[in-house]
Amino acid sequence: MRVTIAEVARRARVSKTTVSRVLNNKADVDAATAIRVREVIAATGYIPSAGAVGLARGVTRTVGMLVPGLTWPWMGEVLQGVADVVEAKGYGLLLSTANRGSDSLEEFSRQVSAKAFDGLLLVEPPDAVRHLRVLHDSGLPVVVIDDRGRRPAFPSVGTSNRLGGAAAAEHLLATGRTRLATVTGPRDFGCTTDRLNGFNDAVLDAGLTLDPRLIIEGDFTGESGEAAIIQLLETGPEFDAVFAHNDLTAAGVLAGLRKFGRAVPGDVAVVGFDDIPLAAHTQPPLTTVRQPLREMGEAAARQLLALLGGAPRPDEPLIVPTSLVVRESTQVTVSAAESGTLREESPR
């Protein structure tokens, strides 16, 4: 049965007149009320008459954002960066997750059909949006944050994963480590390839080679980091350093090393990637490559708002640079020569 404006009004606990005013983007509607009405429109799949309302013309002053879930350890920083920018420009933010799989994506599709937002920011879960190109080609502006799938057809904001991997290797080599192990992310992620290639580049530049037996694929979880390091300790060749492709994996590496009585950094130095809050509180605190997460959210939101304002689509991804944060898991004093690329952890 077709959803009516009366049903939308009932669910949103407002009058039909208020729904109509929201649909026509009238300025005299309270912002919280307008957001609630739009959420009901998205949830019910209500599609207003194109001739009756301004919403059908695509003017909602709302930005949609689809994320895999809110439990990702760095998602909060990205969201805060997005919110800071869109709110400052007078836009609302309609957040959706893919927590419930196909049910979540069906609800998201209803939001698209209802024209509940003017443009979309996407932190893409695997295989989440099969028709993303159709949405984009139909005129919906889309900006991807952390484009793991390498989709050049869409504007995107990422970070310097390859340079970050190189910085991790250079730092470990500077501390005298020569037998370097790596616990990667999933092999089909672009960031995994870039981080590993950058790490390998720096090792080759130093006249060394990575032992393929010391490269273990993980899945960005602490469990995979612990399992990988136990596998290496039980069956693999000796190593004196580990580069984990994110901080959760690195925390698992630290746990596995403790179980086997290996001292960090005395026996093995450990470097992570991301600089989530956990990194400063592991035992020992973790040296890591910092992803500028909030800055990435801000940059993506600015890029999307520029597209909504008629700016041309950028030709290349926007890359926000990484930096290395040195803590006790590698326990090194930063030299003057390194000071241009490394920074000491500041007091918190």
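Scroll up to find the structure this text is about.
Let me begin by describing the structure that accompanies this report.

Calculation notes
- Residues numbered from 1 in each chain as written.
- Predicted model: local features only at pLDDT ≥ 70, side-chain atom pairs only at ≥ 80, totals over all residues.
- Heavy atoms only, no water.
- Helix = DSSP H or I, 4+ residues; strand = E, 2+ residues; numbered from the N terminus.
- Contact = heavy atoms within 4.5 Å.
- Areas by Shrake-Rupley, 256 points an atom, 1.4 Å probe, with all protein chains shown as cover.
- Salt bridge = Lys/Arg side-chain N within 4 Å of Asp/Glu carboxyl O.
- Buried < 20%, exposed > 50% of the residue type's maximum accessible area, 1.4 Å probe, protein only.
- Pairing = 2+ DSSP bridges.
- Axes fitted to C-alpha atoms, helices over the stretch in contact; angles between N-to-C directions.
- Parallel < 35°, antiparallel > 145°, perpendicular 65-115°, else oblique.
- Left-handed = near helix turned anticlockwise from the far one by under 90°.
- Nonpolar A, V, L, I, M, F, W, Y, C, P; charged D, E, K, R; others polar.

1. Examining the overall build of the protein
So, step 1. Secondary structure summary: the protein contains eleven helices and 13 strands in total.
So, step 2. Long-range contacts, defined as pairs at least 24 residues apart, comprise 71% of the intrachain contacts of the protein with a sequence gap of at least 6.
So, step 3. Carbon and sulfur atoms make up 51% of the accessible area of the protein, which amounts to about 16,100 Å² in all.

2. Some points on the pattern of salt bridges
So, step 1. Within the structure shown, the criterion is met by nine salt bridges.
So, step 2. Here Arg-187 and Glu-217 are joined by a salt bridge, their closest N and O atoms 2.7 Å apart. On the criterion of sequence distance, the pair formed by Arg-187 in the loop between strand E6 (180–184) and helix H8 (190–205) and Glu-217 in strand E7 (residues 215–217) is long-range, its members being 30 residues apart.
So, step 3. Given the relative accessible area of 39%, Glu-217 is considered partly exposed.
So, step 4. In this structure, Arg-290 and Glu-295 form a salt bridge, with 3.3 Å as the shortest nitrogen-oxygen distance.
So, step 5. Several salt bridges converge on common partners, so that one network encompasses Glu-7, Arg-10 and Arg-11.

3. Quick word on the sheet that holds strand E1 (residues 62–67)
So, step 1. On the basis of which strands lie adjacent, the open sheet formed by six strands has the order E2-E1-E3-E4-E5-E11 and parallel pairing. Of all strands in the sheet, those bounded by a partner on one side alone are strand E2 (92–97) and strand E11 (318–320). Taken pair by pair, the neighbouring strands of this sheet meet at an average axis angle of 20°, ignoring direction.
So, step 2. Where E1 lies against strand E3 (residues 119–122), four bridges are found, and the strand directions are parallel. Considered in E3, the bridge of Val-63 is made with Gly-119.
So, step 3. With respect to the sheet, helix H4 (residues 75–88) is in contact with E1, E2, E3 and strand E4 (142–145), its orientation differing from that of E1 by roughly 170°.

4. Structural notes on the environment of Leu-180
So, step 1. One can find Leu-180 in strand E6.
So, step 2. Sequence-wise, Leu-180 and Ala-241 are 61 residues apart; in three dimensions their C-alpha atoms are separated by 4.9 Å.
So, step 3. When near neighbours in sequence (up to four residues on either side) are disregarded, Leu-180 contacts Leu-172, Leu-173, Phe-199, Val-203, Leu-210, Leu-214, Asp-240 and Ala-241.

5. Side note on the packing of H4 against helix H11 (residues 293–308)
So, step 1. It is the contact of H4 with H11, at a shortest axis distance of 7 Å, that shows an interaxial angle of 40°. Relative to H11, H4 is oriented oblique. H11 is crossed by H4, and the crossing has right-handed handedness. For the pair H4 and H11, the contacting residues are Glu-77, Val-78, Gln-80, Gly-81, Val-82, Asp-84, Val-85 and Val-86 in the first and Leu-293, Arg-294, Gly-297, Glu-298, Ala-301, Arg-302 and Leu-305 in the second.
So, step 2. When its residues are assigned to classes, the contact of H4 with H11 shows seven nonpolar, three polar and five charged.

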